[in-house]
Each structure stands twice: as structure tokens, then as C-alpha cells.
Amino acid sequence: MASTLPDTWFEGFEARDFEVNGTSIFARFGGTMQGPTLLLLHGFPQSHVMWHRVVQALQAHYFLVLPDLRGYGDSSKVPGLPDHSNYSKRNMAQDALALMDALERDRFFLCGHDRGGRVAHRLALDHPARVDKLCLIDIAPTLDMYNATNMAFASAYYHWFHLIQPSPLPETMIGGNAVAYLHAKLGGWGSKGLSYIEAEALIEYERCFCTPEAIHAACEDYRASAGIDLVHDRESRARGDKIACDTQVLWGERGVVQKLFDPLALWQAQCSGIVSGHAMQAGHFIPEELPLETAHALKLFF
């Protein structure tokens with residue numbers, strides 16, 4: 001089924017499939033061509049569509065690039081390799097970087113929510129010369145979150161441990177009622193149900209997520225985070241690698257990050273630039289729950 005998004009959501013934006021880094025990445029791009037470039041990376045279980053109201057508030061100020069991450073939206077959803085390396089955050093960051101190369105955007109601002117934040121973290125670590133400033137939304141560092149696992153975290157983020165089980169067990173379980181699973185995730189983590197999502201966006205998320213290929217790709221994303229991504233993170237820390245640019249951290253005051261972590265301290269420990277940020281009156285899905293407030297925070301920071 002093809003997308004049926006309202007034309008006004010991304011009016012004036014071009015949509016294209018990019019063959020980069022050995023895969024196909026779907027992206028929209030547009031806004032102010034001569035303005036600074038802002039790359040926006042979405043999270044699980046969504047697509048670039050999560051940014052649509054933020055984009056409407058920012059397009060007069062920035063050239064905006066909105067890809068679907070590998071395995072999500074309308075980007076390619078190939079089977080995972082035995083070590084899950086094709087879904088590593090390093091490889092997904094390389095997708096994003098190759099996309100920016102194709103658009104001839106050498107330096108850019110970078111913002112990621114959820115899984116997109118983890119890709120953004122790795123991109124900023126591996127390619128510091130490309131990222132002018134970084135914003136991370138509602139995440140703490142992956143390694144710190146796994147290292148701090150206790151009953152409270154495992155209960156709130158049980159999907160971290162369910163999705164990493166060997167294929168095809170989680171794929172089969174989710175596929176039994178993918179719509180119900182999707183709705184439970186979108187309505188959880190402090191977001192108080194689905195009322196913050198427009199009907200058209202929910203239909204789009206259902207279209208993109210509720211297929212065997214997409215469910216498998218999402219599982220591979222999490223399997224990589226529990227394996228090869230932790231290897232990469234430990235290697236980076238052993239070398240003393242840190243995010244070089246100033247970084248803004250936003251998190252939801254009703255979410256799990258607020259309850260269980262100190263995001264400013266954790267990110268400052270991984271950043272040689274200045275880390276700033278604050279909690280917002282939302283659950284996990286901040287850009288959709290508070291789109292104007294999110295856009296305002298990004299404009300002030302960038």
C-alpha cells in the first residue's frame with residue numbers, strides 16, 4: 001500500500017530513493033535551500049513522518065533532510081546478517097552520511113529521537129568534522145542504559161530484551177497482531193495513549209511497520225544495539241573518543257529516561273563540548289506531543 005499522507009504535510013519537499021552504502025534510503029528534503037542544513041533522524045517504531053509538524057515550523061529557517069532509517073519507513077528492509085552488523089548504528093550512520101554526501105551537504109546540524117538519536121550519537125563520534133551541533137531527544141547512552149539494567153528498567157523497556165531474542169521468535173509473536181503491538185508502543189512510555197498522533201500519521205506507521213520485513217528489521221536494529229553496537233561503544237570509550245560538538249539533550253518528564261537516568265550528566269561524560277538541555281512536558285514522543293516547543297528548542301540551540 002502506498003503512502004496517503006496529506007500533500008500539505010511536506011509541501012515543497014522533494015521525495016527520493018537514494019542508493020547509498022549498499023542499500024536504498026528513502027528521504028524527503030526541502031525548506032530554505034541556502035539556509036543551514038538540519039538532518040532529522042526518527043526512532044522506533046516510526047518513520048520520518050514523525051517530524052512533519054516540526055518541519056512546518058522550521059522550513060523557513062533550514063534546509064531540512066528527513067530520511068527513513070534503514071529498516072524503517074520506505075527504506076530497504078534486508079535480512080540481518082549473523083552478527084547484525086548491517087543494522088549497527090555505525091552502518092546506519094554511514095547511510096545518513098552518504099545521503100548527505102549525495103545532497104552535497106558537507107556540514108550540518110543533527111537531531112535524532114530514540115533510535116535516530118543512537119544513530120546520531122555514532123555519526124557524531126565517527127565523523128566529528130561533519131556535525132556542527134547535535135541534539136538528542138529522550139535517550140541516555142546505550143551502554144549506560146544496559147549497564148544500569150535493573151527491575152525498573154527491564155519492566156519499562158522490556159522491548160529491549162524481547163526484540164533481541166533469536167529470530168524468528170519475536171518476529172512471530174509481534175506478527176500475530178502487529179497493529180496492537182504498534183499501538184501499544186506508540187501509546188506507551190509516558191505518552192498517555194495515541195491522542196497526540198493524527199489519524200493520517202497512525203495509518204502511515206501501520207503501513208510501514210506491520211509487515212514481516214519491517215518487524216524483522218526492527219528486531220535487527222535492537223539485536224545490533226545489544227551486540228555489535230556495545231562493542232563499538234566500548235572501543236570508543238577505551239580510546240577516549242567523545243562527541244566533539246556542543247550537544248543539546250531533551251527528554252520527557254513523564255518518560256523512562258526522566259525516571260531512571262540523569263541524561264545531562266551521562267551525556268556530558270561522553271561529550272567534550274558543552275551539554276545543555278531540559279525536560280519537556282511530554283512522554284517519550286516529544287516531537288509529536290510538543291512539535292512547536294520542540295521546533296523552538298531546536299531553533300534556539302542551532
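Structural data are supplied above this passage.
Nothing here was measured: the structure is a model prediction, and the numbers come from that model.

**Observations concerning the overall build of the protein chain**
Within the protein chain one finds 15 helices and eight strands. Over its C-alpha trace the protein chain gives a radius of gyration of 18 Å, about what one expects of a compact globule, namely 19 Å for 302 residues. With respect to the principal axes defined by its C-alpha atoms, the protein chain has extents near 50 × 45 × 40 Å. Burial statistics for the protein chain: of 302 residues in total, 58% are counted as buried. Summarising the internal contacts of the protein chain: among those between residues at least 6 apart in sequence, 76% fall at separations of at least 24. With the model as given, the accessible surface of the protein chain reaches about 11400 Å², and the carbon-plus-sulfur share is 55%.

**Brief notes about the packing of helix 8 (residues 178-186) against helix 9 (residues 199-209)**
As a packed pair, helix 8 and helix 9 sit with axes 10 Å apart at the nearest point and diverge in direction by 125°. Between helix 8 and helix 9, the angle is such that the two are oblique. By crossing handedness, the relation of helix 8 to helix 9 is classed as right-handed. Across the interface between the two elements, Ala-178, Val-179, Tyr-181, Leu-182, His-183 and Leu-186 from helix 8 touch Leu-202, Tyr-205, Glu-206 and Phe-209 from helix 9. Residues belonging to the contact of helix 8 with helix 9 are distributed by class as follows: eight nonpolar, one polar and one charged.

**Quick word on the sheet that holds strand 1 (residues 14-20)**
Strand pairing in a sheet takes place through backbone hydrogen bonds and is either antiparallel or parallel in direction. Within the open sheet, the eight strands sit side by side as 1-2-4-3-5-6-7-8. Their pairing is mixed. In the strand order of this sheet, the two ends are held by strand 1 and strand 8 (275-280), each with one partner. On average, each strand axis in the sheet is tilted by 20° relative to the strand beside it, whichever way the strands run. Inspection of the sheet shows strand 3 (residues 37-41) paired to strand 4 (residues 63-67) by three bridges, in the parallel sense. Its bridge partner being in strand 4, Leu-38 is matched across the sheet by Leu-64. Packing of helix 3 (residues 115-126) onto the sheet brings it into contact with strand 3, strand 5 (108-113) and strand 6 (131-137), and relative to strand 5 it is tilted by some 145°. Helix 15 (residues 291-301) contacts strand 3, strand 5, strand 6, strand 7 (247-252) and strand 8 of the sheet and is inclined by roughly 165° relative to strand 7.

**Comments concerning helix 3**
Over its 12 residues, helix 3 extends 17 Å from the first C-alpha to the last, a length consistent with the 16 Å expected when each residue adds 1.5 Å. The buried count for helix 3 comes to 11 of 12 residues, which makes it a mostly enclosed element. Regarding helix 3, the residues found buried are Arg-115, Gly-116, Gly-117, Arg-118, Val-119, Ala-120, His-121, Arg-122, Leu-123, Ala-124 and Leu-125.

**So, the packing of helix 2 (residues 89-102) against helix 3**
In contact at an axis separation of 8 Å, helix 2 and helix 3 are set at 80° when each is read in the N-to-C sense. The orientation of helix 2 relative to helix 3 falls into the category roughly perpendicular. Of the residues in helix 3, those touching helix 2 at Lys-89, Arg-90, Met-92, Ala-93, Ala-96 and Leu-97 are Arg-115, Arg-118, Val-119, Arg-122, Leu-123 and Asp-126.

**A look at the pattern of salt bridges**
Here the structure, examined in full by the defined rule, presents 19 salt bridges. Notably, a salt bridge pairs Glu-198 with Arg-53, separated by 3.1 Å at the nearest N-O pair. In this pair, Glu-198 sits in the loop between helix 8 and helix 9 while Arg-53 sits in helix 1 (residues 52-58), placing the two residues 145 residues apart along the sequence. Judged by its relative accessible area of 25%, Arg-53 is partly exposed.

**What to know about the environment of Asp-138**
Tracing the backbone through its elements, the reader meets Asp-138 in the loop between strand 6 and helix 4 (142-147). Overall, Asp-138 belongs to the buried group, its relative accessible area being 2%. C-alpha of Asp-138 to C-alpha of Asp-106: the two residues are 32 residues apart in sequence and 27 Å apart in space. Residues within four places of Asp-138 in sequence aside, it is in contact with Leu-250, Trp-251, Gly-252, Val-257, His-284 and Ile-286.

**So, the pairing of strand 4**
Residues in a regular strand project their side chains so that they alternate between the two faces of the sheet. Counted residue by residue, strand 4 has five buried out of five residues, so it is predominantly covered. On strand 4, burial covers both faces: Phe-63, Val-65 and Pro-67 on one face and Leu-64 and Leu-66 on the other are all buried. As defined by bridge partners, strand 2 (residues 23-31) adjoins strand 4 across five bridges and the pair is classed as antiparallel. Within the sheet, the bridge partner assigned to Gly-30 lies in strand 4 and is Leu-64. Of the crossover connections in this fold, the one passing from strand 3 over helix 1 to the parallel strand 4 is right-handed.

So, how was this worked out
Within each chain, residues carry numbers counting from 1 in the order of the written sequence. Given that the model is predicted, a residue must reach a pLDDT of at least 70 before its local features are reported, and side-chain atom pairs must reach 80 or more before they are shown or counted; all residues, however, enter totals for whole chains, interfaces and linings. In computing side-chain values, all of the structure's heavy atoms are included and hydrogens and water are not. Here a strand is any run of E in DSSP of at least two residues, a helix any run of H or I of at least four, and the numbering for each starts at the N terminus. Within these notes, the globule rule equals 2.2 Å times the number of residues to the 0.38 power, and the radius of gyration is based on C-alpha atoms. In this scheme, a residue with accessible area under 20% of its type's maximum is buried, one over 50% is exposed, and one in between is partly exposed, where area comes from a 1.4 Å probe on protein chains only. Every residue pair with non-hydrogen atoms within 4.5 Å of one another is taken to be in contact. Accessible areas in this description were obtained via Shrake-Rupley with a 1.4 Å probe; residue shielding takes into account the shown protein chains only. Every axis in this analysis is a line fitted to C-alpha atoms, fitted for helices over the stretch in contact. Angles between the N-to-C directions lie between 0 and 180 degrees. Our angle categories are set so that under 35 degrees counts as roughly parallel, over 145 as roughly antiparallel, 65 to 115 as roughly perpendicular, and the remainder as oblique. What makes a crossing left-handed is the near helix being turned counterclockwise from the far one by less than a right angle; a clockwise turn instead makes it right-handed. Ten residue types, Ala, Val, Leu, Ile, Met, Phe, Trp, Tyr, Cys and Pro, are classed as nonpolar, four, Asp, Glu, Lys and Arg, as charged, and the remainder, Gly among them, as polar. One bridge is not enough; two strands pair if DSSP finds at least two bridges between them. Each helix should span, by expectation, one fewer than its residue count multiplied by 1.5 Å. Each reported salt bridge corresponds to a side-chain nitrogen of Lys or Arg within 4 Å of a carboxyl oxygen of Asp or Glu. When the strands point away from the viewer and the connection leading from the first strand across the helix to the second strand turns clockwise, the crossover is called right-handed.

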